[in-house]
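Okay, here's what each chain looks like letter by letter:
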Amino acid sequence: MEYERTFAISASGMTLERTRVEMAALNLANANTVAGPDGNVYQPRRVVATRAFADAVTQGLSAPSMSLEVTQQAPRMVYEPGHPMANAKGFVAYASVDAATEMVSLMSAMRSYEANLAAMTTSRNLALKALEIGGNQ
Amino acid sequence: MSEQALAAVSAITAASPEAAANISLEPVGAKSAASGAGFGDMVTQGINHVNQQLMVSQTDLQQLSVGNAQNLHQIMIRLEESRLSFQLMMQVRSRLLEAYQDVMKMQL
């Protein structure tokens, strides 16, 4: 039925937004991690949804094709001479997670999720209203 | 995002002309009598479809209660789908009953 496809479109959008929330949570959780002994520091990740999105929607309830891209950013150097992971100059390499960016992406993901939900609810209400045609007035 | 949404919508509109073409204006009975399937078969098919959807949502609910839910919104959407098809079945049933009762009340 048609409304199932509308639901599938909204569901794909909701899946995408949920993944964005998960990524923001992961980035925030790693905000205060330092580089390990190998010198590798956590790099913030971004969700990238591609154009194949629309094709996936027509297949029913399927997830949009999205990929997680690791951003390449210089670590945040903080001067903490007493830190066990400090380098020779007393700097510690922290993950370069920008808390403000993550909060904004959390917010926009939530609003987009709500928008998808509103679209889904509207199509559901349309279907329910259509079922009232010819009913008892 | 808007391009993707446009593409999705155009996919739907591309699909609907076929659906419209499939609808013929002949009465259902005449067509189904030719193919050998009666109205009862159609109703049975519809009820089977509704039952299938209800079974799917039951499985989803079981998965949810066990803690295997990967996508909460997909479960809720499937629940909504089964609710809609159930409501459609109830509407068909009430129309049928109404017609039956009208016929039974007919003065001879």
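Keep in mind that what you see is a predicted model, and the values were worked out from it rather than measured. (Residues numbered from 1 in each chain as written. Chains lettered and ligands numbered in written order. Predicted model: local features only at pLDDT ≥ 70, side-chain atom pairs only at ≥ 80, totals over all residues.)

This paragraph deals with the overall build of chain A. Helix and strand counts for chain A come out as three helices and four strands. Helices and strands in chain A line up, N terminus first, as α-β-α-β-β-β-α. A burial count over chain A gives 24% of its 137 residues as buried. In chain A, the proportion of contacts linking residues at least 24 apart, taken out of those at least 6 apart, comes to 63%. (Helix = DSSP H or I, 4+ residues; strand = E, 2+ residues; numbered from the N terminus. Buried ≥ 20, exposed ≤ 12 C-beta atoms within 10 Å, placed from the backbone. Contact = placed C-beta atoms within 7 Å.)

To continue, consider the overall build of chain B. The helix and strand tally for chain B stands at four helices and zero strands. For chain B, the N- to C-terminal ordering of α and β elements is α-α-α-α. Among the 108 residues that make up chain B, the fraction classed as buried is 12%.

Its 32 residues place the ends of helix α3 (residues 99-130) of chain A 46 Å apart at the C-alpha level, agreeing with the 46 Å of an ideal helix rising 1.5 Å per residue. Along α3 of chain A, the residues that are buried comprise Ala109, Tyr113, Asn116, Met120 and Ala127 of chain A. As for α3 of chain A, its buried residues are in contact with α1 (2-29) of chain A together with α4 (72-104) of chain B. (Expected span 1.5 Å × (residues − 1).)

Of all hydrophobic cores here, the largest spans twelve residues; its members are Phe7, Ala8, Ile9, Ala11, Met14, Met23, Ala24, Val47, Ala109, Tyr113 and Met120 of chain A together with Ile77 of chain B. Going through the elements one at a time, α1 and α3 of chain A are the ones with two or more residues in this core. It is α1 of chain A that provides the largest number of residues to this core, a total of seven residues. Ignoring anything within four residues of it in the chain, the contact list for Tyr113 of chain A reads Met14, Glu17 and Arg18 of chain A. (Core = buried A, V, L, I, M, F, W, Y, C linked by C-beta atoms within 7 Å.)

A word on the pairing of strand β2 (residues 66-70) of chain A. All names here are of chain A. With zero of five residues buried, β2 lies mostly on the surface of the structure. Where strand β1 (residues 45-49) lies against β2, five bridges are found, and the strand directions are antiparallel. In the strand pairing of β2, Arg45 is matched with Val70. (Pairing = 2+ DSSP bridges.)

Helix length check: α4 of chain B, at 33 residues, gives a terminal C-alpha distance of 48 Å against a target of 48 Å (1.5 Å per residue), a fit within 8%. Along α4 of chain B, the positions that sit buried rather than exposed are His73, Gln74, Ile77, Arg78, Glu80, Glu81, Ser82, Leu84 and Ser85 of chain B. For α4 of chain B, the secondary structure elements touched by its buried residues are α1 and α3 of chain A together with α3 (39-66) of chain B.

Moving on to the confidence of the model for chain A. Per-residue pLDDT for chain A averages 84, and the proportion of residues at 70 or more is 88%. Within chain A, the element-level pLDDT minimum falls on helix α2 (residues 53-57) of chain A, averaging 58, and the maximum on α3 of chain A, averaging 93. (pLDDT = per-residue confidence, 0-100.)

Bringing the confidence of the model for chain B into the picture now. All names here are of chain B. Averaged over every residue, the pLDDT of chain B is 75; the share at 70 or more is 67%. Per-element mean pLDDT across chain B ranges from 47 in helix α1 (residues 2-22) up to 90 in α4. Every residue in residues 11-33 scores below 50 in pLDDT, and together they form twelve contacts with partners more than four places removed in sequence or on other chains. With a pTM of 0.71, the predicted complex shows an ipTM of 0.71.

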